[in-house]
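Overview (structure and organization)
Residues per chain, in single letters:
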Amino acid sequence: RHHSWNPVGVGQKWLKNLHSFNWLRDLRAMGVDEARIAARGYIAHWASENKSRQDYGWAPDVMGGRLAMWAAHFDFFSAGAEEEFYDIFFASYARQARILHAQIGQCKKGVGRLEAIRGLLYAGITLEGRRDYILRALDMLDCELKEQILPDGGHVSRSPQALLESLMICLDI
């Protein structure tokens, strides 16, 4: 049973976590087939329910997070999948990557931009023939790190949370 991807009464942070699929790590950590099947179901449901780029899940930082999570956990949720799932997944993944590549420059400054860059980089690595995604992501990453990380190692916002999130993204990359 699947629920709404845009529930009423929740905050932006909650929605971002939902749509970026950060919780795939938790399902994977369960280590059971039920979690794998649930993850696959949620991904297919998201892809079928969120086709409009007006939906919350299409913001560049959210899209980047989702692409990174889908790529990083593909071996987990795709094991034993039917051909129909692969068709749905790859069509959605490639479409999101194209849109992110086109819109990444519109992403707000800050940690969110690093999330978008990571997603574009993952898409470039995982999609055949998309070296242009990789090159653009690496160029943007270089610029963003120079802008966001100060000479003393702190984040430009002076927020410990932003520094931790930036570091986690860089370690993931």
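Refer to the structure above for everything that follows.
None of these values were measured; they are calculated from a predicted model. Going along each chain's sequence as written, the residues are numbered from 1 onward. Per-residue local features of the predicted model are confined to residues with pLDDT of at least 70, and side-chain atom pairs are confined, for both listing and counting, to 80 or more; whole-chain, interface and lining totals are unaffected and use all residues. Side-chain calculation: all heavy atoms of the structure are included, whereas hydrogens and water are not.

**Considerations on the pattern of salt bridges**
Short version of the rule: By definition here, a salt bridge exists when the distance from a side-chain nitrogen of Lys or Arg to a carboxyl oxygen of Asp or Glu is within 4 Å. Where helices and strands are cited, they refer to DSSP runs of H or I of at least four residues and of E of at least two residues respectively, numbered from the N terminus. The buried label goes to any residue with under 20% of its type's maximum accessible area, the exposed label to any with over 50%, and the partly exposed label to all in between, with areas taken from a 1.4 Å probe on protein chains only.
For the coordinates displayed, the defined rule picks out eleven salt bridges. Of the charged contacts in the structure, one is a salt bridge between Glu-115 and Lys-16, with a shortest N-O distance of 2.7 Å. Placement of Glu-115 in helix H7 (residues 111–126) and of Lys-16 in helix H1 (residues 12–20) is noted, with a sequence separation of 99 residues between them. The residue Arg-130 makes a salt bridge to Asp-132 at a minimum N-O spacing of 2.5 Å. On the basis of relative accessible area, Asp-132 is assigned to the partly exposed category, the value being 31%. Members of the salt-bridge network, linked through shared partners, are Lys-109, Arg-113, Glu-144 and Glu-147.

**Let's talk about the nonpolar core**
To be explicit about the condition: Only buried residues count toward a nonpolar core, which is a set of Ala, Val, Leu, Ile, Met, Phe, Trp, Tyr and Cys residues joined through side-chain atoms within 4.5 Å. Any pair of residues with heavy atoms lying within 4.5 Å of one another is described as a contacting pair.
Core analysis: the largest hydrophobic core is formed by 43 residues, its most contacted members being Phe-21, Leu-24, Ile-43, Trp-70, Phe-77 and Tyr-93. Broken down by element, this core gets its largest block of residues, eight residues, from H7. In contact with Trp-70, not counting residues within four places along its chain, are Phe-21, Leu-24, Ile-43, Trp-46, Phe-77, Phe-89, Ser-92, Tyr-93 and Gln-96.

**Observations concerning a negative patch on the surface**
The following threshold applies: Patch criteria: residues need more than 30% relative accessible area and no salt bridge. Like-charged residues are merged within 9 Å; nonpolar side chains of Val, Leu, Ile, Met, Phe, Trp and Tyr are merged within 5 Å. Using a 1.4 Å probe, accessible areas were evaluated by the Shrake-Rupley method; residue-level cover was limited to the displayed protein chains. We treat Lys and Arg as the positive residues and Asp and Glu as the negative residues; His and chain ends play no part in the count. Every charge is mapped to an atom, namely NZ of Lys, CZ of Arg, CG of Asp or CD of Glu.
Together, Glu-82, Glu-83, Glu-84 and Asp-87 make up a negatively charged patch on the protein surface. Mapping Glu-84 onto the fold places it in helix H6 (residues 83–103). With relative accessibility at 60%, the residue Glu-84 sits in the exposed group.

**Looking at the packing of aromatic side chains**
This is how the line gets drawn: Put simply, two rings from Phe, Tyr or Trp (the six-membered ring, in Trp's case) pair if the centres are within 6.5 Å, and we call them stacked under 30 degrees between planes, edge-to-face over 60, tilted for the rest. Whether a charge lies above a ring is judged from NZ of Lys or CZ of Arg, which has to be within 6 Å of the ring centre and within 35 degrees of the ring normal.
The final tally for this structure, using the stated rule, is 19 aromatic pairs. Ring geometry for Trp-5 versus Phe-21: centroids 5.5 Å apart, planes at 25°, classification stacked. Placement of Trp-5 in the segment before H1 and of Phe-21 in the loop between H1 and helix H2 (24–30) is noted, with a sequence separation of 16 residues between them. Of the two residues, Trp-5 and Phe-21, neither departs from the other in class, the shared state being buried. Taking the centre distance of 5.9 Å and the plane angle of 85° together, the rings of Trp-46 and Trp-70 count as edge-to-face. A residue pair is termed long-range when its members are at least 10 positions apart, and Trp-46 in helix H3 (residues 33–49) and Trp-70 in helix H4 (residues 60–72) qualify at 24 residues. Its guanidinium or amino end placed over the ring of Trp-58, Arg-66 lies 5.9 Å from that ring's centre, counting from NZ or CZ.

**Focus on unusual backbone geometry**
The backbone phi angle of Phe-21 is positive, close to 65°, even though this residue is not glycine. Positive phi outside glycine occurs at Arg-158, with the angle close to 65°. Within the secondary structure, Arg-158 is located in the loop between helix H8 (131–148) and helix H9 (160–172). Using a relative accessible area of 53% as the deciding quantity, one classes Arg-158 as exposed.

**Description of the packing of H4 against H7**
Definition in use: Only the stretch in contact is used when a helix axis is fitted, and all axes are lines through C-alpha atoms; the angle between N-to-C directions ranges over 0 to 180 degrees. Should an angle lie under 35 degrees it is considered roughly parallel, over 145 roughly antiparallel, and from 65 to 115 roughly perpendicular; all remaining angles are considered oblique. Left-handed is the label given to a crossing in which the near helix is rotated counterclockwise from the far helix by less than a right angle, and right-handed is the label when the rotation is clockwise. Each residue gets one of three labels, nonpolar for Ala, Val, Leu, Ile, Met, Phe, Trp, Tyr, Cys and Pro, charged for Asp, Glu, Lys and Arg, and polar for the others, Gly among them.
Where H4 contacts H7, the two axes come as close as 7 Å, and the packing angle between them is 40°. Judged by the angle between their axes, H4 and H7 are oblique. When the axes of H4 and H7 are compared, the crossing they make is left-handed. Residue-level inspection shows Pro-60, Asp-61, Gly-64, Gly-65, Leu-67, Ala-68, Met-69, Ala-71 and Ala-72 of H4 in contact with H7, the latter providing Gly-112, Glu-115, Ala-116, Arg-118, Gly-119, Tyr-122 and Thr-126. Looking at the contact of H4 with H7 residue by residue, the class counts come to eight nonpolar, five polar and three charged.

Read these as layout, nothing more, since geometry by itself doesn't imply function.
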